[in-house]
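Structural overview for review
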Amino acid sequence: MAAAAGVACLSTRPGFVLAAGTALDTLLSLIGERLAVMPGVARHKYNSGAAVEDLPREAQVIEAVTAQAVEAGLDKDVAAKFFQAQIDASKMIQSERIAAWKSEGHAPFTDVPDLKTVIRPKLDALNPAMLAALKDALPELRLGGAGARLEAYAAGRSVEDQAAFRRAIAPLVVVAAS
């Protein structure tokens, strides 16, 4: 089973297509891109025995993005809530994958990129783009119909990762409902 081995990418259900061209679509695409990295993080942590939760790293990420948000003219609390949701969703994916591998007695993975030198720099590079996309998407989120689009996006994710995607977009749903 590819997903159990952790090689499957976070995918959408067959027939689901993300609309192209809007700021919200860009943001949703970046969320998907970030979460697609999480199986690799999980493989690294499974091999090393590292804990899924890394509170110092989480605090570092939130501190950095809130500072960048202020510089970009974005409310720091909105940015902090959004990125905390990304972290929570990431931990969900990692925890689920690692628990499955442990229950299967899965052997350590081979050819896993290093967390500090390969994976984290990739995630750190996504953060400014996600902040910019969040800022650009906020007006669109406040328009009618945004909540339904977010729900369609979450429903279009694979069943295996749908809960994590719902967590990742939860702050957006709150903005759309306000």
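Shown above is the structure to which this text applies.
Reference entry: report on the structure contained in this document.

Calculation notes
- Residues numbered from 1 in each chain as written.
- Predicted model: local features only at pLDDT ≥ 70, side-chain atom pairs only at ≥ 80, totals over all residues.
- Heavy atoms only, no water.
- Core = buried A, V, L, I, M, F, W, Y, C linked by side-chain atoms within 4.5 Å.
- Buried < 20%, exposed > 50% of the residue type's maximum accessible area, 1.4 Å probe, protein only.
- Helix = DSSP H or I, 4+ residues; strand = E, 2+ residues; numbered from the N terminus.
- Contact = heavy atoms within 4.5 Å.
- Phe/Tyr/Trp six-rings, centres within 6.5 Å; stacked < 30°, edge-to-face > 60°.
- Salt bridge = Lys/Arg side-chain N within 4 Å of Asp/Glu carboxyl O.

**A short note on the nonpolar core**
Ile31, Leu141 and Leu172 are the most contacted members of the largest nonpolar core, which has 43 residues in total. Where this core is concerned, the elements lending two or more residues are α2 (23-36), α3 (38-48), α4 (55-72), α5 (76-104), α6 (115-141), α7 (146-155) and α8 (162-177). Counting residues per element, this core draws most heavily on α6, which supplies 11 residues. Each residue touching Leu141, except ones within four places of it in the same chain, is listed here: Leu24, Ala146, Leu150, Leu172, Val175 and Ala176. Counting residues in hydrophobic clusters, the runner-up holds 6 residues, among them Ala42, Val52, Ile98 and Trp101.

**Here we look at the packing of aromatic side chains**
As enumerated under the stated definition, the model contains 5 aromatic pairs in all. Ring centres of Tyr46 and Phe109 lie 5.8 Å apart, and the angle between their planes is 70°; on these two criteria the pair is classed as edge-to-face. Of this pair, Tyr46 sits in helix α3 while Phe109 sits in the loop between α5 and α6, placing them 63 residues apart in sequence. Each member of the pair, Tyr46 as well as Phe109, is classed as buried. Among the aromatic residues, ring-to-ring pairing joins Tyr46, Trp101 and Phe109 into one connected group.

**Here's the deal with the pattern of salt bridges**
In a structure, side chains of opposite charge can pair up when their charged atoms sit close to one another. Throughout the structure, instances matching the rule amount to 10 salt bridges. Across the salt bridge formed by Arg57 and Asp124, the nearest N and O atoms sit 2.7 Å from each other. Taken together, the residues Arg57 in helix α4 and Asp124 in helix α6 connect sequence positions 67 residues apart. Judged by relative accessible area, Arg57 falls into the buried class, the value being 15%. A relative accessible area of 35% places Asp124 in the partly exposed class. Here Lys91 and Glu58 are joined by a salt bridge, their closest N and O atoms 3.2 Å apart. Separated by 33 residues along the polypeptide, Lys91 in helix α5 and Glu58 in helix α4 bring together distant segments of the chain. One continuous salt-bridge network, built from bridges that share partners, spans Asp25, Glu140 and Arg149.

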